[in-house]
Every structure is written in structure tokens, then in C-alpha cells.
Amino acid sequence: MFQLAQESWRYLKRSMRFLVLALLTTLVLTGCLNSSQTPPSSKVTVGIQTSPAMALVMVAQDKGFFTDAGVDVEIKEFTAGKFALQAFLSGSIDFAVSGEVPVALATLQENPIRVVSQVVESTTNEVRVVATKDDDVEDPTSYFKSKKRKLATSIGGGPEFYTYEFLKRYQIADDEVEIISQKPEDMPASLQAGSVDAISIFDPFAFIAEKNLGEKAVTFKDPELYSELYVLDVRPEQIEEKAEQIEALLKGMSEAGDFIEGNPEDAKQIVQKYTKLEKDVIDGIWGNFVFKPALTQELIEFWDAQAAWAKDTGKVKPETPAPNFREVVETRFLEKVSPSAVQLQ
Amino acid sequence: MKRLSKGSLSILQGGFTIVFILVIWEIVSRVGIVPKPLFPPPTRVFGAWIEMARSGELLRDIQASLWRALIGFCLGSVIAIFVGLLTGRIKLFSNYLSPLIQLLRPLPPVAIIPLVIVWFGIGEVSKIFSISFAVFFPVWINTHVGVRDIPKTFLWSAHTLKIRGLAILWKVIFPAALPFIVAGLRTGISIAFIMVFVSELAGASSGIGYQIYSSQLAYRMDRMIAALVLLGLFGALADIGLLAIIRLVFPWLKLSGQK
């Protein structure tokens, strides 16, 4: 037994040397890669979802408002804001614009984020449920209770939260509907093909689904329920380190807001250039957004509701304390650029 | 002096590496070299397993993924072996089928998923089809080559012994090609688990792949890593299980590494 232990120890010592060397090499390489990912300080990278909701950022970039304000911006496009936020949290990009739901979820998991502005003052019916019509049933409760429906949604974002609120509002139990996770861009085709009975999603995909289905579509919307907001995310240390760039970003977006208000058709053309969406789609959804930088009390209320939702649905452990979301918001930059845009209590 | 047996030694070495990595991982995460929310320690990952087991999600997701992997793997393999036996032995079948198969073979299985969804929807049929499609090619190519390259002396001996028809297939061709077929099946089973993950990203409400994706979006890295480890574990166990079944059914077959 003692000899066995001696033998084992000898093998362990030999293995240890090799493994420590391998680990040190990995750590050094990781450090080198991380440092090489940080872009030079003269330029900032901003991750956005390629969506009309990002009009403020797209117009500011296209018209040179960011440059005029004193910041050189490189836009990195993502298929969804939640992926931009993940890239931001991993340090691959300087800032991100995402929906407010991923920020709530990330904050609940103790990821350090600060929000300096919304990129939409408000939205209306931006998230809604589009379904295949069934026997002229127009009321959501009857529709979903008549048989078990398949409802596709984009999880981890505003649509999933909307779905939760929608089902609660219309008293549809969990076992009365099958929730399926799908990418937003797949949903209109899925609905049209009959793979799902309904989709709960934001524009432009909700609009595209309505357009594709035509008379066969029924839309369930409730303006008082929830409509997604989009926010500019920064890291806590950037509040001091990149204060000038953040202020310049907000100045650029403020200019963009004025431009959009005065030149909606030009703004739509810029958005079309970025998103490659058809003009009639952009026209159809434009009225659902108010493109102005702002910080509204609605943002804090949504976050509080989302914290409760996250606990209720097991996204966070029940014992996770609800953060004070007011502390996530940093108002000083927007107060300087446009004081009336800060509407927090 | 009693030396460790080779089996005990390899278990010791493998176990040591795993324990070493777990300890380093725990230290790196706890100390904060990498941000803890993005890189939870293994103790938290273990806690996530417990959490998922208590909520019933673990069993639900394992059942869903294993069922899809098993059906997809079996379907893809059976068809591939059947087609491989045909194309490997009968020139006419090879002439007609091999060019089409070789054209489809380089297609990344992941790339066909959007098309499969359009054809079959987002239900189980599309997932099983995707998995079977991906498994088919490695199993087919190995079967085809194994059957095609049977030493002629085997077949001459069989003719001399008056073994004809299906008997020659079962008693000579299939056993001779079996090492190749097994190699294809082992590749196929790994691909099956990769495709289970990929197919569950597009239109699913359960499964280990779905759990990985939904945990990532909820910033539950502990659950995401727990599900990832589970996927890898089941892939490895499936390979071990496959070899055990083959040894049971074909005890005479010598696999690589065996003396």
C-alpha cells in the first residue's frame, strides 16, 4: 500500500510540472488576446441590433453627428441587442445598445452595467402577438383556450417578458400554451408555414408577419401591457474614464433626434440602408417609436416588473435580492446634454 | 515492488487532470481573475445541476435530447449502412448514388437547418431529420469503403465453400466491413450530439441545447456550463455505450487498442 502511494506520488509530481506549464501558457495567451481586443482609445465601438429601433444611432453615424460632437464611432452590428450586450460584457466592444430586458437579467446576475440613456423616448405596441386567424376569434383568451397553441417568442428579451405579461393578463395558464424559442427573423416564415399558431415579437418582424399573412392574421395588442425600450449600456468605470466620449455620443444622438423629427423621410432612408428592410415595412412601423434620447420612469418600472418575472420563471434563484435599478441609471450626461429628457423621479 | 497496473495508472492520470483543472478553475473564478458572473466556479455549476434537478428541468431536457439523438442516430445509421452495403458491392448502385451522396456530403449539416425548418416545420420531425442527415454521411462513407475494399480472397473462399446470396452478405461481407462500420458509427454518434444542440437552437421548448441557449440569454452562466458539461458527458457515455453493445453483439470483433 505504501509502495503504491509512493509510485502514485511520483507520477503526480511528473504530471504536475507539465500541467502547471500548460496552464501558465494558457493564462499568458489569454491575457495577450484580451489586451489585443481592446480598441485604441481614439475610437469607440458601439454594438447595435440591425433594427429600425436603432434609428437614433444610425442617423447620428450617417449624418456625422457623432464626429461633430467629438467622438469617432465604429458601429458593430448584431442580429439582436442581447448579443450586443454579451459582446459588451465580454469586453469586445466599448458600448452596446440593447433592449432593457437583457440589462435587467444581466444586472440580476451581478454583471456591472450602467445605462446613460434610452435611444427611444417611448414605443407603442412595438411588441405584440400575431396569430393565424381561427374562426373569427378575436379575443386572446378565447383564442388560446380553444386549443393548446404553439406560441413562438424570442427568449431572453422583451418578447419573452411581453409573453409572460400577456398570458397573465389574459389568464392563459402555462399548460394551455406551448412556448417555443425561435429567432426573430425565423418567426414570420414559421407562422406563415403553420409551424406555430402565434408569435410574440417586436417590430419589424411582427409587421412582416402581419403583412405576409394579410387577412389570415389577427393581432393581439395591448398598449398598456408592455412595449420595449432600448438603452445605451456603459461600464461603471467608463463613467469617469470615457466621460467625454459618452457625452459626445449623447450629443450626437440628441442631434439625430432633432433631425429625425424634421426629416423623417431622410431618416427612413438611412434606416433602410442599414437594415435592408423594404420601405413599406419601415413606413408601417415608424409611428411605433419616438426617437429621442431620454431617461423615463417607465424604464425603472419595467425593470422592477422584470425582476419579479425573472424570479417567478426561475431565471434567477428565489433568494436573489432585487437590485435598486435606479442606481443602474447614470443621469449626469443626459442632464448636461438635454436636461428636459431626464424624467426620472 | 508492486507497480500500478496500466488501467489503474490511466484512470489515476485522467482523474488527476480533471481534479487539477477543477481546482484551478475554482481558484481563478473565486479570486476574480475572470469576472465571476461570466465564469462561475465549478461549485456553482454543480449547484446549478441541483437546481435544475429539483425543478424537473434536468430530467425533461435530458429525456428530450437523448430521445432525439437516439432516434436520429439510429435512423441515419441504418439507412447509411444499407446504402453503403449496396454502393460498396453493386457497381450499378455506386454509379447512380455515389455522385449524389458525394455532392451532399460536404454540405455543413448546420447550414441545412433553415431549409429543413421550412420543409418540416419546427417540430420533432425537422430535428430528427437534421440529425439523421448529419449522421448518414460518416456512416455511409465508412460502410462503402469497408465493403468495397474487402480482400478478394475472402470472397473467393466463400464461393469455394458455396456460400451464395444473402448468406455471403451476412457471413462474409458484413463481418469483414464491420471495423469500418464501427468507426463510422463512432463518428456518427458524436455528430448526433452536435446536431442535437444545433437543432434545439431553432424552435425548441426543451432539450440540453435549448437549456444552453436559454441559460445564456438569462446570463445564467452556471446553468449554461452545467448543460454544456452534460452534453459532453452524454456524448462520451454514448460512445462507451455503443462500444459495449458492439462487443456484446459481436464478441469476436477486435476494436482498436485491443490485443
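From a predicted model like this one, the values you see are computed outputs, not experimental measurements. (Residues numbered from 1 in each chain as written. Chains lettered and ligands numbered in written order. Predicted model: local features only at pLDDT ≥ 70, side-chain atom pairs only at ≥ 80, totals over all residues. Heavy atoms only, no water.)

### Description of the overall build of chain A
Inference 1: Within chain A, the regular secondary structure consists of 15 helices and 14 strands.
Inference 2: Per-residue burial for chain A yields a buried fraction of 55% across its 345 residues.
Inference 3: Of the roughly 15100 Å² that chain A leaves accessible, carbon and sulfur atoms contribute 50%. (Helix = DSSP H or I, 4+ residues; strand = E, 2+ residues; numbered from the N terminus. Buried < 20%, exposed > 50% of the residue type's maximum accessible area, 1.4 Å probe, protein only. Areas by Shrake-Rupley, 256 points an atom, 1.4 Å probe, with all protein chains shown as cover.)

### Remarks on helix α6 (residues 124-148) of chain B
Residues and elements named next belong to chain B.
Inference 1: For α6, built from 25 residues, the straight-helix expectation of 36 Å at 1.5 Å per residue is met to within 8% by its first-to-last C-alpha distance of 35 Å.
Inference 2: The largest bend in α6 is about 30 degrees, located at F136, with the proline P138 one to four residues further on.
Inference 3: Taking burial as the measure, the 25 residues of α6 include 19 buried ones, the bulk of the element. (Expected span 1.5 Å × (residues − 1). Bend = angle between axes of the 7 residues up to and from the residue.)

### Here's the deal with the environment of B:H144
Residue and element names in this part refer to chain B.
Inference 1: Turning to its location among the elements, H144 is positioned in helix α6.
Inference 2: Relative accessible area serves as the criterion here: at 7%, H144 is assigned to the buried category.
Inference 3: Taking the C-alpha atoms as reference points, H144 and W119, separated by 25 residues in sequence, lie 29 Å from one another.
Inference 4: If we ignore the near neighbours within four places in the chain, the residues touching H144 are G84, T87, G88, S94 and S98. (Contact = heavy atoms within 4.5 Å.)

### Some remarks on the pattern of salt bridges
Where charged atoms of side chains with opposite charge meet at close range, the side chains can pair.
Inference 1: Summed over all chains, the structure comprises 31 salt bridges over all chains.
Inference 2: Across the pair A:E160 and A:K315 runs a salt bridge whose closest N-O atoms are separated by 2.8 Å. In this pair, A:E160 sits in helix α7 (residues 158-169) while A:K315 sits in the loop between α14 (297-312) and α15 (332-337), placing the two residues 155 residues apart along the sequence. Neither residue differs from the other here; A:E160 and A:K315 are each classed as buried.
Inference 3: In this structure, B:R30 engages B:E26 in a salt bridge whose closest nitrogen and oxygen atoms are separated by 2.8 Å. Highlighted residues: B:R30 and B:E26, both in helix α1 (residues 6-31), separated by 4 residues, approximately one helical turn.
Inference 4: Relative accessible area serves as the criterion here: at 17%, B:E26 is assigned to the buried category.
Inference 5: Shared partners join several salt bridges into a network, and the residues in it are B:E51, B:E57, B:R220, B:D222 and B:R223. (Salt bridge = Lys/Arg side-chain N within 4 Å of Asp/Glu carboxyl O.)

### Things to note about the packing of helix α9 (residues 205-213) of chain A against helix α13 (residues 279-286) of chain A
Residue and element names in this part refer to chain A.
Inference 1: Here α9 crosses α13 at 115 degrees, and the two axes come no closer than 10 Å. Handedness of the α9/α13 crossing: right-handed. Contacts between α9 and α13 involve F207, I208 and K211 from the first element and D280, V281, G284 and I285 from the second. (Axes fitted to C-alpha atoms, helices over the stretch in contact; angles between N-to-C directions. Left-handed = near helix turned anticlockwise from the far one by under 90°.)

### Here we look at the sheet that holds strand β8 (residues 177-181) of chain A
All names here are of chain A.
Inference 1: Taken in spatial order, the 5 strands of this open sheet run β8-β7-β9-β6-β10, and their pairing is mixed. Unpaired on one side and paired on the other, β8 and β10 (217-220) mark the two borders of the sheet. Recorded for the sheet is a direction-independent mean angle of 25 degrees between the axes of neighbouring strands.
Inference 2: Of the strands in this sheet, β6 (127-132), β9 (198-202) and β10 are in contact with α9, which crosses β6 at around 25 degrees. (Pairing = 2+ DSSP bridges.)

### A short note on the sheet that holds strand β1 (residues 43-49) of chain A
Residue and element names in this part refer to chain A.
Inference 1: In spatial order, the strands read β2-β1-β3-β11-β4; together these 5 strands make up an open sheet with mixed pairing. Because the sheet does not close on itself, it has two edges, and the strands there are β2 (72-78) and β4 (114-118). Going across the sheet, the axis of each strand differs from the next one's by a mean of 30 degrees, ignoring polarity.
Inference 2: Bridge count for β4 against strand β11 (residues 230-234) is 4 bridges, and the pairing is antiparallel. Bridge pairing links S117 to L232 in β11.

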